[in-house]
Amino acid sequence: MKKETSFILRGDIVYSKAPLEIVVNEDSYLVCMNGEVEGVYTSIPKEFYKLRLYNYEGCLIIPGMADLHLHAPQYSFRGLNMDLELIQWLEQVAFPEESKYSELIYANEAYDYFVEDLKKSATTRACVFATLHPQSTILLMEKLEKTGLHCMVGKVNMDRNSPDYLVEGTKDSITRTKKWITSVKDKYQNVIPIITPRFLPSCTDELMIELGNICREYQLPLQSHLSENKGEIKWVKELFPSADSYSAAYEQLGTFGGDIHTVMAHCLYIDKYEMDLMKKNGVYMAHCPSSNTNILSGIAPLRTYLDYKIQIGLGSDIGAGDNLSLFNVMAEAIKVSKLYTCLVKAELKPITSREAFYLATKGGGSFFGKVGSFEVGYELDAIIIKDYSQGQPRDFQVEERLERLIYSAKENDIVAKYCKGTQIFDCYKSNSLL
Ligand code: GUN
Ligand code: FE
């Protein structure tokens, strides 16, 4: 990690302004001042001659991506037991693995492995679930802090409908959460705590209400799951009969946006009332297409949500999602939206590669502030890609190179990475002073 936050990047620069609006600046200069985008130029303005130039000529420079939903402790088993649906998968696969994080020795090894891979990936920002164990959650936060990536990390809360080996008492859950916040709040430069009720079935009303109060008291964001699986939705109706919908149940408990910066994963089967509520309360949606296919949850009507102007980003949802790469998640989002058109509603158009790129960058990035674009004043998150489209029998336009990468980018194609102007790594090593 290199703490120099004013410099220039040279390369083929591409970023989104809106879902269908992409900006391409071939062989240009991206000026970063104090961690923020100062501008993009075709030649370097005189006043910046003294800045260091990182010359990535011929490489693509795109904004770093935001992963709005993933479970760090599930990285260790991703790709296994994908023939189960949500509740069975939680009971048989996810919960037993998460219980191992009570042991710091195991957590240390497993989180090293996860953090190293996240560092090399296209992701610069992430909303991360840990487990209910405060100590191993702090360990994860410390490891992420050292990478320079900006992450929101949650100690998970669960006080009902959970196995004996992975559950907390209600009061205990509240006390441990407050203690955890006190020990991590304002401690890191890059990592902040996020309140993380696992999902409505695993938290009593009392716990959920108190977690909302904690968000308000400490000014913290909140992440959870919403409407992922039909069986789960039926279960929520039984657990919370007074609410008309899953979203309304969270709303009645005071944990659905409004004065709490909130992101909900999945949102596959929400009705119009719930869409209105998400929009009204500014609740973000983390769309997790790989996970939704893997554990047979279904297909989210992404076009409907985009047309409705709900705030949306992408989530890898490791480990129900199998791949940490948001390139891969973009491709999955495009593909499942086509299946939705073919199999469910022909009048809904599939999403395009431009829209997927927007969701992975500016769409999800906006959960973190002015993040995910190279417009002036945005925090400078960038990944540099040496792509294989060059030196081929035919030429490709810059945007075509990006489109091909969505389907095939490999970790090794990313040769350098920056987050809020901090260099996370640079294995291209082609920098020079002017
Ligand atoms: N709902 C509650 N917990 C989980 C989890 O760990 N993964 C997914 N995909 N959904 C959940
Ligand atoms: Fe999840």
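What counts, and where the lines are drawn
- Along each chain, numbering runs from 1 in the same order as the chain's sequence is written.
- Numbering of ligands from 1 and lettering of chains from A proceed in the order in which they are written.
- Restriction of local features to residues with pLDDT of at least 70 applies here, the model being predicted, together with a cutoff of 80 or more for giving and counting side-chain atom pairs; totals for whole chains, interfaces and linings are based on all residues.
- Runs of H or I in DSSP of at least four residues are treated as helices and runs of E of at least two as strands, each being numbered from the N terminus.
- Computation of the radius of gyration draws on C-alpha atoms alone. For the globule rule, the value is 2.2 Å times the number of residues to the power 0.38.
- Three classes are used. A residue is buried when 20 or more other C-beta atoms lie within 10 Å of its own, exposed when 12 or fewer do, and partly exposed in between, with C-beta atoms placed from the backbone.
- Working definition of a contact: two residues with C-beta atoms, positioned from the backbone, lying within 7 Å.
- Just so you know, the domain bounds were taken from an automatic or database domain assignment.
- Residues are sorted three ways: Asp, Glu, Lys and Arg are charged, Ala, Val, Leu, Ile, Met, Phe, Trp, Tyr, Cys and Pro are nonpolar, and all the rest, Gly among them, are polar.
- To decide nearness, the C-beta atom of each residue is placed from the backbone, and the residue is near a molecule or strand if that atom lies within 6 Å of it.
- To estimate the expected span of a helix, count its residues, drop one, and scale the result by 1.5 Å.
- As used here, the arc belongs to the directions running from the helix axis to the C-beta atoms.
- UniProt positions are given in the numbering used here, feature names are shortened, and annotations may be inferred rather than shown by experiment.
- Only the stretch in contact is used when a helix axis is fitted, and all axes are lines through C-alpha atoms; the angle between N-to-C directions ranges over 0 to 180 degrees.
- Roughly parallel means an angle under 35 degrees; roughly antiparallel, over 145; roughly perpendicular, 65 to 115; everything else is oblique.
- In a left-handed crossing the near helix is turned counterclockwise from the far helix by less than a right angle, and in a right-handed crossing that turn is clockwise.
- Between any two strands, pairing holds if DSSP finds at least two bridges.
- pLDDT is a residue-level measure of predictor confidence that goes from 0 to 100.
- Connectivity within a nonpolar core runs through C-beta atoms within 7 Å, and the core itself is a set of buried Ala, Val, Leu, Ile, Met, Phe, Trp, Tyr and Cys residues.

- With an unreviewed UniProt entry as reference, the chain is termed Guanine deaminase, source organism Anaerosacchariphilus polymeriproducens.

1. Here we look at the overall build of the chain
At step 1: Counting its secondary structure elements, the chain contains 13 helices and 18 strands.
At step 2: The C-alpha radius of gyration computed for the chain amounts to 21 Å, which stays within 12% of the reference 22 Å derived for 434 residues, consistent with globular compactness.
At step 3: In terms of its C-alpha atoms, the chain occupies a principal-axis envelope of roughly 65 × 50 × 40 Å.
At step 4: Split into buried and exposed, the 434 residues of the chain put 51% on the buried side.
At step 5: For the chain, restricting intrachain contacts to residue pairs at least 6 apart in sequence, the fraction spanning at least 24 positions comes to 77%.

2. Notes on the domain arrangement of the chain
At step 1: Taken domain by domain, the chain comprises domain 1 (7-64 + 372-433) and domain 2 (65-368).
At step 2: The distance between the C-alpha centroids of domain 1 and domain 2 comes to 29 Å.
At step 3: Tallying the contact residues gives 25 residues for domain 1 and 29 residues for domain 2.
At step 4: With 5 residues, helix α13 (residues 398-408) is the single largest residue contributor to the side of domain 1 that touches domain 2.
At step 5: Its residues placed into classes, the side of domain 1 that touches domain 2 shows 15 nonpolar, 5 polar and 5 charged.

3. Quick word on the site of ligand 1
At step 1: Ligand 1 sits among H71, L86, L90, A94, R198, F199, H225, E228, S291, D317 and A320.
At step 2: Sorting elements by how many residues they give to the shell around ligand 1 places helix α1 (residues 86-99) first, with 3 residues.
At step 3: Taken together, the residues of the shell around ligand 1 break down into 5 nonpolar, 3 polar and 3 charged.

4. A closer look at helix α4 (residues 170-184)
At step 1: Between its first and last C-alpha atoms α4 spans 21 Å; for 15 residues at 1.5 Å apiece the expected length is 21 Å, and the two agree.
At step 2: Along α4, the residues classified as buried are S173, T177, W180 and V184. Burial along α4 is one-sided: seen end-on, the buried residues are contained in an arc of 65°. Opposite the packed face of α4, turned more than 90 degrees from it, sit the exposed residues K171, T175, K179 and T182.
At step 3: Next to the buried residues of α4 lie α3 (134-147), β8 (156-157), β9 (191-193) and α5 (205-218).
At step 4: In the segment just after α4, D186 is the residue with positive phi, at about 65°.

5. A word on the UniProt feature "domain: Amidohydrolase-related" (unreviewed entry) in the chain
At step 1: UniProt marks residues 61-422 with the feature "domain: Amidohydrolase-related" (unreviewed entry), using the numbering shown here.
At step 2: Secondary structure content for residues 61-422 is 43% helix and 16% strand, while the C-alpha to C-alpha distance between its ends is 15 Å.

6. Some remarks on helix α2 (residues 104-120)
At step 1: End to end, α2 covers 24 Å across 17 residues, agreeing with the expected 24 Å (1.5 Å per residue, within 8%).
At step 2: All buried positions along α2 are accounted for by A107, A110, Y111, F114, V115, L118 and K119. Taken down its axis, α2 places every buried residue within 165° of arc, on the same side. Away from its buried face by more than 90 degrees, α2 exposes I105, E109, Y113 and E116.
At step 3: Its buried side turned inward, α2 meets β6 (123-129), α3 and β17 (422-426).

7. A closer look at the packing of helix α11 (residues 326-343) against helix α12 (residues 353-365)
At step 1: In the contact formed by α11 and α12, the axes pass within 9 Å of each other and the chain directions differ by 135°. If you check the angle between α11 and α12, you find them oblique. Relative to α12, the crossing made by α11 is right-handed. Contacts between α11 and α12 involve L326, M330, A333 and I334 from the first element and S353, A356, F357, L359 and A360 from the second.

8. Some remarks on the pairing of strand β11 (residues 222-226)
At step 1: Burial of β11 is extensive: 5 of the 5 residues sit out of reach of the surface.
At step 2: Every second residue of β11 is oriented toward a common face, with L222, S224 and L226 on one face and Q223 and H225 on the other, all of them buried.
At step 3: Where β11 and strand β12 (residues 262-266) come together, 5 bridges link them in parallel fashion. Bridging across to β12, L222 finds its partner in T262.

9. With respect to the pairing of β17
At step 1: Summarising the sheet, strand β16 (residues 414-419) and β17 pair through 4 bridges and their orientation is antiparallel. Paired with Y418 across the bridge in β17 is Q423.
At step 2: Between β16 and β17, which follow one another and run antiparallel, lie 2 residues, and K420 among them has a positive phi close to 45°.

10. Side note on unusual backbone geometry
At step 1: Looking along the chain, the bond that leaves I318 and enters G319 is cis, with omega of 0°.
At step 2: Here G319 lies in the loop between β14 (312-314) and α11.
At step 3: Even without being a glycine, K420 presents a positive backbone phi close to 45°.
At step 4: With respect to the secondary-structure elements, K420 resides in the loop between β16 and β17.
At step 5: When the 24 C-beta atoms within 10 Å are taken as the criterion, K420 is described as buried.

11. A short note on the confidence of the model for the chain
At step 1: Looking at the chain, pLDDT values average 96 and 99% of them are 70 or higher.
At step 2: Both scores are available for the predicted complex, with the pTM at 0.97 and the ipTM at 0.99.

12. What about the environment of V31?
At step 1: Here V31 lies in strand β2 (residues 21-33).
At step 2: Put simply, V31 and N229 are 198 residues apart on the chain and 45 Å apart in space, counted from C-alpha to C-alpha.
At step 3: When residues no more than four places from it in sequence are discounted, the contact partners of V31 are I8, E38, G39, Y41 and F48.

13. Thoughts on the nonpolar core
At step 1: With 122 residues, the main nonpolar core has L30, I61, V128, V153, M330 and A333 as its most contacted residues.
At step 2: Ranked by residue count, the leading element in this core is α11, at 9 residues.
At step 3: Two domains each donate at least three residues to this core, and these are domain 1 (7-64 + 372-433) and domain 2 (65-368).
At step 4: Once residues lying within four places of it in the same chain are set aside, the contact partners of A333 are H287, P289, L302, L314, I351, A356 and L359.
At step 5: Counting 6 residues, the second largest nonpolar core, distinct from the first, contains L86, L90, A94 and I295.

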